[in-house]
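What the coordinates show
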Protein chains: 2
Amino acid sequence: MLSKNQIKLISSLKQKKYRLQHNLFVVEGVKTINELIVSKFNLHQLFTIESFKIDANLETIITEAELKKISFLSTPNKALALFKIPESKQIQFNQLIVALDNVRDPGNLGTIIRLCDWFGIKDLVCNIETVDCYNPKVIQATMGSISRVNITYLDLKGFIKDANTRSFGTFMDGENVYKMKLPSEGILILGNEANGISKDIEKLVSKKIAIPRFGNVQATESLNVATATAILLSEFRRS
Amino acid sequence: MLSKNQIKLISSLKQKKYRLQHNLFVVEGVKTINELIVSKFNLHQLFTIESFKIDANLETIITEAELKKISFLSTPNKALALFKIPESKQIQFNQLIVALDNVRDPGNLGTIIRLCDWFGIKDLVCNIETVDCYNPKVIQATMGSISRVNITYLDLKGFIKDANTRSFGTFMDGENVYKMKLPSEGILILGNEANGISKDIEKLVSKKIAIPRFGNVQATESLNVATATAILLSEFRRS
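Worth saying up front: this structure is predicted, and the values here are computed from it rather than measured. Residue positions are counted from 1 within each chain, in the order its sequence is given. Whichever chain is written first is A, and whichever ligand is written first is 1; the rest continue in order. For this predicted model, a pLDDT threshold of at least 70 governs which residues receive local features, and a threshold of 80 or more governs which side-chain atom pairs are given and counted, while totals over whole chains, interfaces and linings are taken from all residues. Side-chain metrics rest on all non-hydrogen atoms present in the structure, leaving aside hydrogens and water.

Some thoughts on the overall build of chain A
In terms of helices and strands, chain A carries 9 helices and 10 strands. Once the C-alpha set of chain A is aligned to its principal axes, its extents read approximately 60 × 40 × 30 Å. Burial analysis of chain A (239 residues in total) assigns 55% to the buried set. Of all intrachain contacts in chain A linking residues separated by at least 6 positions in sequence, the fraction that spans at least 24 positions is 75%. Accessible area of chain A: about 11,400 Å², with a carbon and sulfur share of 49%. Here a strand is any run of E in DSSP of at least two residues, a helix any run of H or I of at least four, and the numbering for each starts at the N terminus. Each residue gets one of three labels from its accessible area relative to the maximum for its type: buried under 20%, exposed over 50%, partly exposed in between, using a 1.4 Å probe on protein chains only. The contact rule is simple, with two residues in contact once any of their heavy atoms fall within 4.5 Å. The method behind every accessible area is Shrake-Rupley, applied with a 1.4 Å probe, and residues are considered shielded solely by the protein chains displayed.

In structure tokens:
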């Protein structure tokens, strides 16, 4: 049975300010919830149609109608959980770090988190304007990968300045990434969907790189930021 | 001024059966419409707030309120056009062809079409169950690339059987793609979001390939089909 206050709390967690205030975020779907339960994340409360056989204090059995009321999805998936937002861990500089400069689309961020997980990237750093990784749409797109990537929101300019490592950014006039010897450590910076890497950050990039375009001159102007991330992480890892 | 019949026609084009019946599809946004006007596609009718200075018979100036009524977008973008669905051109076998087996998500298909354009892939073939490329969500995601890629819906099984060329498909137990010498011609097959390549098609694949996973064993199970396409096209083209 759901209380009015619980419904109000869950609904409020669509908004970043309430996620920060309550230090909670929403996860939906049995598979992802199970992945997060066994991860570093702490379960705060589970609302489910069928018992997960976990600590009864953490679990509330609800009806399908109740789930429909609290779900953010058009087709709710049996359970909705509230997890505590973890504190970011210390960033490890002896490996490749992915940095995002104003990535705004939740689906893109979710895809990038999944790619970091696939390619064994431990640290993803984001400037403050990048979409919040605890946004329900991001969480949905990550498919549980969020529990395996350390995500830190920070002053990206200061971070790159202070990091004693090389930084790589994608630009139209960058060097052909297929012809470069790429290091196993450094910072790979990806920019905003419409505007790319911002001027302030561009000044700090040690090496401008580019994914060559094949085909004719009229071809598509740019790759989507998530597909560019896929190709670049593949290039960094393959060598 | 919009007629009731025009509104009804446009609204019907959300559905594949009416797109086929009228042989028309919807494109929104000034930039994409302009790209398509100069392409191989034929404009049937343009509904716009501001004149495009084209043949007056093809253009209807409408109000913002009218655009809002016919647009499929939550934030309409100044113009909506109806283009004629082109006939597919003959497939060219002396180069790399991308084949889709049951790709269902319009965003994924749109991203894959953009990737084909970027990597100079001339032919994209899709089995009949793959989402229709003239679906408005696909068109929105392609950003005009649809005019530069020849897309053919066909019996994929028969196509691969009859094609006198090698086919490549991604499987968990495939050969490490980073260690292979990839040809400049052949068929690269990508499968369904949840189930991968179907059993029937698997039997016809000449070479099973895989994108290696880095990082720990708990890592994400699979890459999204659009990001896998990005990495594989990059691998085929870089060599």
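Considering the side chain of Gln-95 of chain A
All names here are of chain A. Note that Gln-95 resides in the loop between strand S4 (79-84) and strand S5 (96-100). Within 3.5 Å is the distance limit for a polar contact, defined as a pair of N or O atoms, with the added protein rule that one can donate a hydrogen and the other accept it, and that residues adjacent in sequence qualify only through two side-chain atoms. Reaching out from Gln-95, the side chain makes a polar contact with the side chain of Asn-94 at a distance of 3.4 Å. If we skip the residues at most four places from it in the chain, Gln-95 touches Lys-122, Ser-184, Glu-185 and Gly-186.

So, the relation of the copies chain B and chain A
When chain B is fitted onto chain A, the two copies agree to an RMSD of 0.0 Å after a turn of 180° and an axial shift of 0.0 Å. Here the copies are linked by what is in effect a two-fold axis. Here the copies are matched by least squares. The fit uses the C-alpha atoms of residues with pLDDT of at least 70 in both.

Thoughts on the packing of helix H9 (residues 225-238) of chain A against helix H9 (residues 225-238) of chain B
Interaxial angle, 0 to 180 degrees, is taken between N-to-C directions of lines fitted to C-alpha atoms, where a helix line uses only the stretch in contact. Taken N-terminus to C-terminus, the directions of H9 of chain A and H9 of chain B make an angle of 55°; their axes are 8 Å apart at the nearest point. Comparing their axes, H9 of chain B and H9 of chain A come out oblique. Classified by chirality, the crossing of H9 of chain B by H9 of chain A is right-handed. Facing H9 of chain A, whose interface residues are Ala-226, Thr-227, Ala-230, Ile-231, Ser-234, Glu-235 and Arg-238 of chain A, H9 of chain B presents Ala-226, Thr-227, Ala-230, Ile-231, Ser-234, Glu-235 and Arg-238 of chain B. Put simply, angles under 35 degrees are roughly parallel, angles over 145 are roughly antiparallel, angles from 65 to 115 are roughly perpendicular, and the rest are oblique. Here a crossing is called left-handed whenever its near helix is offset anticlockwise from the far helix by less than a right angle, and right-handed whenever the offset is clockwise.

So, the domain arrangement of chain A
Residues and elements named next belong to chain A. Bear in mind that the domain bounds are from an automatic or database domain assignment. Split by domain assignment, chain A resolves into domain 1 (4-84) and domain 2 (96-238). Spacing between the C-alpha centres of domain 1 and domain 2 amounts to 30 Å. Tallying the contact residues gives 16 residues for domain 1 and 14 residues for domain 2. Summed over both partners, the interface of domain 1 with domain 2 comes to about 1,200 Å²; 57% of that surface belongs to carbon and sulfur atoms. Whenever a carboxyl oxygen of Asp or Glu lies within 4 Å of a side-chain nitrogen of Lys or Arg, that contact is scored as a salt bridge. Where domain 1 touches domain 2, the interface holds 2 salt bridges. Linking domain 1 to domain 2 there are 3 residue pairs in polar contact (both at pLDDT 80 or more). Counting residues per element, the side of domain 1 that touches domain 2 draws most heavily on strand S1 (residues 24-28), at 4 residues. Tallied by class, the residues present in the side of domain 1 that touches domain 2 amount to 8 nonpolar, 2 polar and 6 charged. When two parts are put together, the accessible area they lose, computed with a 1.4 Å probe and summed over both, is reported as buried area. Residues are grouped as follows: Ala, Val, Leu, Ile, Met, Phe, Trp, Tyr, Cys and Pro are nonpolar; Asp, Glu, Lys and Arg are charged; every other residue, Gly included, is polar.

Quick notes on the sheet that holds S5 of chain A
Residue and element names in this part refer to chain A. In short, DSSP must find at least two bridges between two strands for them to pair. Read from one edge of the open sheet, 6 strands run S7-S6-S5-S9-S8-S10, paired in parallel fashion. Both outer strands of the open sheet, strand S7 (150-154) and strand S10 (207-210), are each paired with one neighbouring strand and no more. On average, adjacent strands in this sheet sit at an angle of 35° to one another, irrespective of strand direction. Relative to the sheet, helix H5 (residues 106-118) contacts S5, strand S6 (123-127) and S7, its axis offset from that of S6 by approximately 155°. Its contacts with the sheet place H9 against S5, strand S8 (167-176), strand S9 (186-190) and S10, and it is angled at close to 160° to S9.

Description of the pattern of salt bridges
For side chains bearing opposite charge, pairing can occur when the charged atoms are close. One pass over the full model with this rule turns up 16 salt bridges over all chains. With a shortest N-O distance of 3.0 Å, Glu-35 of chain A and Arg-148 of chain A are connected by a salt bridge. Placement of the pair is Glu-35 of chain A in helix H3 (residues 30-37) and Arg-148 of chain A in the loop between helix H6 (136-142) and S7, with a sequence separation of 113 residues. Its relative accessible area of 21% is what places Glu-35 of chain A among the partly exposed residues. For Arg-148 of chain A, a relative accessible area of 17% translates into the label buried. Across the pair Asp-132 of chain B and Arg-19 of chain B runs a salt bridge whose closest N-O atoms are separated by 2.8 Å. In this pair, Asp-132 of chain B is assigned in the loop between strand S6 (123-127) and helix H6 (136-142) and Arg-19 of chain B in helix H2 (residues 16-22), connecting sequence segments 113 residues apart.

Considering the environment of Val-138 of chain B
Residue and element names in this part refer to chain B. For Val-138, the position within the fold is in helix H6. Judged by relative accessible area, Val-138 falls into the buried class, the value being 0%. Put simply, Val-138 and Leu-58 are 80 residues apart on the chain and 24 Å apart in space, counted from C-alpha to C-alpha. The contact partners of Val-138, leaving out residues within four places of it in the chain, are Pro-106, Leu-109, Gly-110, Ile-113, Val-131, Asp-132 and Cys-133.

Some remarks on the interface of chain B and chain A
Contacts between the two partners involve 32 residues from chain B, matched on the other side by 32 residues from chain A. Note on chain B versus chain A: buried area summed over both sides is about 3,000 Å², and carbon and sulfur give 58% of it. Inspection of the region where chain B meets chain A yields 2 salt bridges. Arg-238 of chain A serves as the salt-bridge partner of Glu-235 of chain B, at 2.7 Å between the closest nitrogen and oxygen. Seen at the junction of chain B and chain A, the total is 8 residue pairs in polar contact (both at pLDDT 80 or more). Top contributing element to the side of chain B that touches chain A by residue count: H9 of chain B, with 8 residues. Class assignment of the residues belonging to the side of chain B that touches chain A gives a composition of 12 nonpolar, 11 polar and 9 charged.

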